[in-house]
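Below are the chains, spelled out letter by letter.
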Amino acid sequence: MPRTRITRAAAAIAALAATAIVLSACTKVEEGATPESSFPEQDIRLIIQANPGGGSDLSSRALATELERILGVSVIPENMPGAAGALAMEYVGSQKADGYVIGFAPVEIAMLNTTQDANVLPENYDLLGQIMLAPGVISVGANSGIESLEDLVEQAKSGAVTVANSGAGSIWEAATIGLGSATDAEFTPVPYDGGATAVAAAASGETVASVSGLGEALAQGEAVRILAVMHDERHPDLEDVPTVEEALGDEVLFGGWGGIYAPKGLPDDVRETLEAAVKEAVESDSYQKFQKDSGNLVVYRDSAEWTTFVDEQFVLFQDLLG
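A brief look at the structure comes next. For every chain, the first residue of the written sequence is number 1, and numbering continues from 1 along that sequence. In keeping with the predicted nature of the model, local features appear solely for residues at pLDDT of at least 70, side-chain atom pairs appear and are counted solely at 80 or more, and the whole-chain, interface and lining totals rest on all residues. Excluding hydrogens and water, the side-chain figures rest on all heavy atoms present in the structure.

A few points about the side chain of Glu216
Put simply, the rule reads: Put simply, DSSP marks the helices as runs of H or I at least four residues long and the strands as runs of E at least two long, and each gets a number from the N terminus on. Buried means the residue's accessible area, taken with a 1.4 Å probe over protein chains only, is under 20% of the maximum for its type, while exposed means over 50%, and partly exposed covers the values in between. Counting rule for charge: Lys and Arg are taken as positive, Asp and Glu as negative, and neither His nor the chain ends is counted. When a carboxyl oxygen of Asp or Glu lies within 4 Å of a side-chain nitrogen of Lys or Arg, that pair is called a salt bridge. Here a polar contact means two N or O atoms within 3.5 Å. Within protein one must be a hydrogen donor candidate and the other an acceptor candidate, and residues neighboring in sequence count only if both atoms are side-chain atoms. By definition in these notes, contact holds between two residues if any of their heavy atoms fall within 4.5 Å.
Looking at the element boundaries, Glu216 is found in helix α8 (residues 214-218). Arg61 provides the closest opposite charge to the buried, unpaired Glu216, separated from it by 12 Å. Within the structure, the side chain of Glu216 is placed 2.7 Å from the backbone nitrogen of Gly55, a separation counted as a polar contact. Of the polar contacts made by the side chain of Glu216, one reaches the backbone nitrogen of Gly213; its length is 3.0 Å. For Glu216, the contacting residues outside a window of four places in its chain are Gly54, Gly55, Ser56, Trp172, Gly195, Ala196 and Val199.

Here it is as structure tokens:
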């Protein structure tokens with residue numbers, strides 16, 4: 001056989017062998033070998049439903065710092081306040097479920113469908129994990145002349161008392177209504193875009209009082225006086241401040257919890273990566289220290305536990321506020 005024909009035949013055989021190897025590799029993948037996920041390959045946006053400076057914002061930013069370290073990409077906080085969080089949560093729900101848009105979900109994710117008829121339902125999202133709990137507190141301006149919760153209630157019984165909160169339909173509006181119901185006092189909720197601005201309103205005298213997370217009240221320093229904690233026990237950072245039950249004899253329990261969520265339908269590998277990253281971030285020393293310094297409690301629930309909890313809270317608020 002001429003040399004040219006031999007060379008061509010050898011090349012054809014080599015090409016067929018290479019094709020067979022490729023087809024064999026493809027067959028193995030199809031039979032169950034799963035390639036490693038490449039997620040994430042680009043920056044992730046973290047949508048925050050409140051203004052900068054409040055508890056939701058600060059918790060989100062603290063977690064974002066840890067997520068960046070864990071995931072190896074930038075996690076960019078983006079504030080989108082409005083409608084007690086409905087604007088941000090409806091936005092996140094409308095995004096592509098690829099893991100590159102996530103959000104901080106406050107307790108209002110279980111409330112807004114009832115209080116505002118918003119298109120916010122827990123079932124519309126992939127809930128990745130709870131990251132914190134902020135006990136509610138009642139505060140007044142330091143120069144208000146109001147020294148105790150009893151003083152505030154007495155004033156509200158003789159005329160309406162304005163109470164700032166983080167927005168219409170928010171947990172702190174619900175807490176204000178709950179406090180008035182328990183004490184037969186007239187508290188008028190006044191909505192603001194976020195807990196930080198609400199507490200600032202009480203500090204300046206724009207409203208008589210505020211109901212917020214403890215961290216947001218502590219951020220105002222000596223400008224406010226914290227009258228009571230809406231929790232079942234005193235906070236370790238405020239041992240001299242009574243619970244509502246200790247002050248009035250009526251149990252009034254409200255707290256702001258929050259976690260990380262994404263549009264419904266994340267691919268399994270993306271969801272697993274994000275769930276694991278959230279857990280690792282919450283367990284980090286720096287995040288734990290941040291929440292302690294902020295007056296919040298670190299309460300972690302994984303995706304399954306948090307989904308069950310949020311569904312239960314949704315039913316609870318339907319009964320309470322519907």
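As for the nonpolar core
To be explicit about the condition: Take the buried residues of types Ala, Val, Leu, Ile, Met, Phe, Trp, Tyr and Cys, join any two whose side-chain atoms come within 4.5 Å, and each joined set is a nonpolar core.
If you look at the biggest cluster of nonpolar residues, it comprises 52 residues, and the most contacted ones within it are Ile109, Ile138, Leu149, Leu152, Phe187, Met230 and Trp257. Look past the residues within four positions of Met230 in its chain and what remains in contact with it is Gly136, Val137, Ile138, Ala175, Leu179, Val211, Val244, Val252, Leu253 and Phe254. Among the nonpolar cores identified, the runner-up in size contains 27 residues, and Phe39, Ala62, Val73 and Ile260 belong to it.

Some remarks on the pattern of salt bridges
For the structure shown, the criterion picks out eleven salt bridges. Its salt-bridge partner being Lys279, residue Glu283 comes within 2.7 Å of it at the nearest N-O pair. Highlighted residues: Glu283 and Lys279, both in helix α10 (residues 268-283), separated by four residues, approximately one helical turn. Take Glu283: its relative accessible area is 46%, and that puts it in the partly exposed class. The shortest N-O distance in the salt bridge between Asp293 and Lys289 comes to 2.7 Å. Of the two residues, Asp293 and Lys289 are both situated in helix α11 (residues 285-294); the distance of four residues between them amounts to about one turn of the helix. Linked through salt bridges whose partners overlap, the residues forming this network are Asp126, Lys264, Arg271 and Glu275.

Topic: the packing of helix α2 (residues 55-71) against α10
Rules: To obtain an axis, a line is fitted to C-alpha atoms, over the contacting stretch when the element is a helix, and the angle between two such axes runs from 0 to 180 degrees between their N-to-C directions. Angular relationships are summarised with four words: roughly parallel below 35 degrees, roughly antiparallel beyond 145, roughly perpendicular across 65 to 115, and oblique for the angles in between. It is the rotation of the near helix from the far one that decides the hand of a crossing: anticlockwise by less than a right angle makes it left-handed, clockwise makes it right-handed. Gly is put with the polar residues, along with every residue not named as nonpolar or charged; the nonpolar set is Ala, Val, Leu, Ile, Met, Phe, Trp, Tyr, Cys and Pro, and the charged set is Asp, Glu, Lys and Arg.
Packing of α2 against α10 leaves a shortest axis separation of 9 Å and a crossing angle of 120 degrees. Regarding the angle of α2 to α10, the classification is oblique. The element α2 and its partner α10 pack so that their crossing is right-handed. On α10, the residues that touch Leu63, Glu66, Leu67, Arg69, Ile70 and Leu71 of α2 are Thr273, Leu274, Ala277, Val278, Glu280, Ala281 and Val282. Residues belonging to the contact of α2 with α10 are distributed by class as follows: nine nonpolar, one polar and three charged.

Observations regarding the packing of aromatic side chains
Just so we agree on the cut-off: Aromatic pairing here means that ring centres of Phe, Tyr or Trp (its six-membered ring) are within 6.5 Å. Orientation follows from the plane angle: under 30 degrees is stacked, over 60 is edge-to-face, and everything else is tilted.
Per the counting criterion, the structure on display carries five aromatic pairs. Aromatic pair Trp257 and Trp306: ring centres 6.2 Å apart, planes at 90 degrees, arrangement edge-to-face. Separated by 49 residues along the polypeptide, Trp257 in strand β9 (residues 255-263) and Trp306 in helix α12 (residues 303-321) bring together distant segments of the chain. On the accessibility criterion, Trp257 (5% relative accessible area) is buried. Aromatic rings pair up to connect Trp257, Trp306 and Phe309 into one cluster.

Things to note about a negative patch on the surface
Put simply, the rule reads: Grouping into patches uses exposed residues only, defined as over 30% relative accessible area, and leaves out salt-bridged ones; the cut-off is 9 Å for like charges and 5 Å for nonpolar side chains (Val, Leu, Ile, Met, Phe, Trp, Tyr). All accessibility values rest on the Shrake-Rupley procedure with a 1.4 Å probe; residue burial counts only the protein chains present in the view. Taken as the charge location is NZ of Lys, CZ of Arg, CG of Asp or CD of Glu.
Together, Asp232, Glu233, Glu245 and Glu251 line one region of the surface with negative charge. Turning to its location among the elements, Glu233 is positioned in the loop between β8 (224-230) and α9 (244-248).

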